[in-house]
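Each chain, written out:
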Amino acid sequence: MVATPAWPPRSLPRLFVAQTLSEGASVAVDGTYLAAVLRLGVGDKVKLFDDRTGEWLAEIAEAGRKRVTLTVGERLRERESVPDLWLLFAPVKRGRIDWLVEKATELGVARLIPVITRRTIVERLNLDRLRAHAIEAAEQCERTALPELVEAQKLDALLNAWPADRALYFADEAGGAPLAPAPGPAAILIGPEGGFTDEERDAVRALPQARPVSLGPRILRADTAALAAVSLWMAAAGDWRSSPRAR
Ligand code: SAM
């Protein structure tokens with residue numbers, strides 16, 4: 001049987017750029033990926049997005065291994081509207097947290113909030129590295145909006161300032177109802193590998209917006225639990241009724 005060739009790729013390369021885009025603008029990017037890795041040259045097309053104005057078609061005007069300059073052409077898409085879901089997760093080890101951020105970005109989470117709990121082991125986070133993973137995932141999955149990645153916050157501080165209109169789906173290995181989200185602003189809270197303390201569990205459950213949920217009879221790793229819960233929420237209350245090619 002003849003294998004389907006993997007090259008040329010079906011879609012154009014996509015890049016996030018920090019510069020605000022507009023028709024006719026000139027954008028310079030590092031040449032490593034476009035020129036050195038993909039071997040693109042003058043006249044080749046690339047899609048750009050900036051997390052503000054949507055996605056644009058751009059053409060390479062100058063190509064060097066160190067720097068590629070592109071001219072921005074037509075706008076292909078407006079910036080998407082992102083489902084209003086935050087993911088609060090207790091940081092886990094490097095590798096696993098990178099994976100979590102990458103997959104949460106692909107699944108469409110709007111805001112990622114690392115939460116420090118009593119049993120959180122990894123307290124120092126490299127937000128720049130995590131942002132780079134989020135950008136790479138957004139480029140790959142065709143998001144036009146990046147998830148907001150905020151500084152780590154203590155659980156009690158978050159609970160004290162919790163917005164009145166935002167449901168908090170609290171993944172509680174000690175028991176809860178199956179996740180059945182209602183429409184509206186929401187957040188999912190996942191504990192550390194060691195779980196929540198009883199005091200933390202009581203504090204979360206005391207919040208009127210909290211909805212304790214179960215993710216089944218098995219103890220999931222924190223990263224698995226986060227993505228299972230996000231998937232359930234997205235399917236029921238997010239944007240999973242639309243498909244990529246129908247945009
Ligand atoms: N050490 C804890 C224990 O043995 O009970 C397990 C913690 S689990 C590895 C990490 C987090 O994932 C939990 O705090 C919870 O938020 C979530 N989680 C894992 N499995 C779950 C389940 N079956 N139902 C609800 N939440 C779960």
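Attention here is on the structure that accompanies the text. (Residues numbered from 1 in each chain as written. Predicted model: local features only at pLDDT ≥ 70, side-chain atom pairs only at ≥ 80, totals over all residues. Heavy atoms only, no water.)

### Some points on the site of the ligand
Residues in contact with the ligand amount to 19 residues; listed here are only the nearest, A171, L215, G216, R218 and L220. The contact in question runs from an oxygen atom of the ligand to an N or O atom on the side chain of E173, over 3.0 Å. A distance of 3.0 Å is found between a nitrogen atom of the ligand and a backbone nitrogen or oxygen belonging to E193. Relative to its unbound accessible area of 580 Å², the ligand is 84% covered by the protein chains. Residues that form the shell around the ligand fall into these classes: 10 nonpolar, five polar and four charged. (Near = heavy atom within 4 Å. Polar contact = N/O pair within 3.5 Å; in protein donor to acceptor, adjacent residues only side chain to side chain. Areas by Shrake-Rupley, 256 points an atom, 1.4 Å probe, with all protein chains shown as cover. Nonpolar A, V, L, I, M, F, W, Y, C, P; charged D, E, K, R; others polar.)

### Re the packing of aromatic side chains
Two numbers describe a pair of aromatic rings. These are the distance of the centres and the angle of the planes. The tally for this structure, following the rule as stated, stands at three aromatic pairs. Between the aromatic rings of W86 and W162, the centroid separation amounts to 5.8 Å while the plane-to-plane angle is 80°, which identifies the pairing as edge-to-face. A residue pair is termed long-range when its members are at least 10 positions apart, and W86 in strand β6 (residues 85-89) and W162 in the loop between α4 (155-160) and β10 (167-171) qualify at 76 residues. Owing to a relative accessible area of 12%, W86 belongs among the buried residues under this scheme. The buried category is assigned to W162, whose relative accessible area is 8%. The ring of W86 carries the charged tip of R111 above its face, separated from the ring centre by 4.4 Å. (Phe/Tyr/Trp six-rings, centres within 6.5 Å; stacked < 30°, edge-to-face > 60°. Helix = DSSP H or I, 4+ residues; strand = E, 2+ residues; numbered from the N terminus. Buried < 20%, exposed > 50% of the residue type's maximum accessible area, 1.4 Å probe, protein only. Lys NZ or Arg CZ within 6 Å of the ring centre and 35° of its normal.)

### Section: the pairing of strand β12 (residues 186-190)
Burial within β12 is extensive, with five of its five residues counted as buried. Of the two faces of β12, the one lined by A186, I188 and I190 and the one lined by A187 and L189 are each fully buried. Of the strand pairs in this sheet, β6 and β12 are connected by five bridges, and their pairing is parallel. Looking across to β12, one finds that L87 is bridged to I188. In this sheet, β12 lies alongside β10 in parallel orientation, the contact comprising four bridges. Bridging from a neighbouring strand, A167 pairs with A186 of β12. (Pairing = 2+ DSSP bridges.)

### Thoughts on the environment of Y169
Along the chain, Y169 falls in strand β10. For Y169 and A229, which are 60 residues apart along the polypeptide, the C-alpha to C-alpha distance reads 8.7 Å. With residues up to four places along the chain from it excluded, the contact list for Y169 reads L179, P181, A182, A186, A187, I188, L189, R211, V213 and W233. At 3.3 Å, the side chain of Y169 forms a polar contact with the backbone nitrogen of A182. (Contact = heavy atoms within 4.5 Å.)

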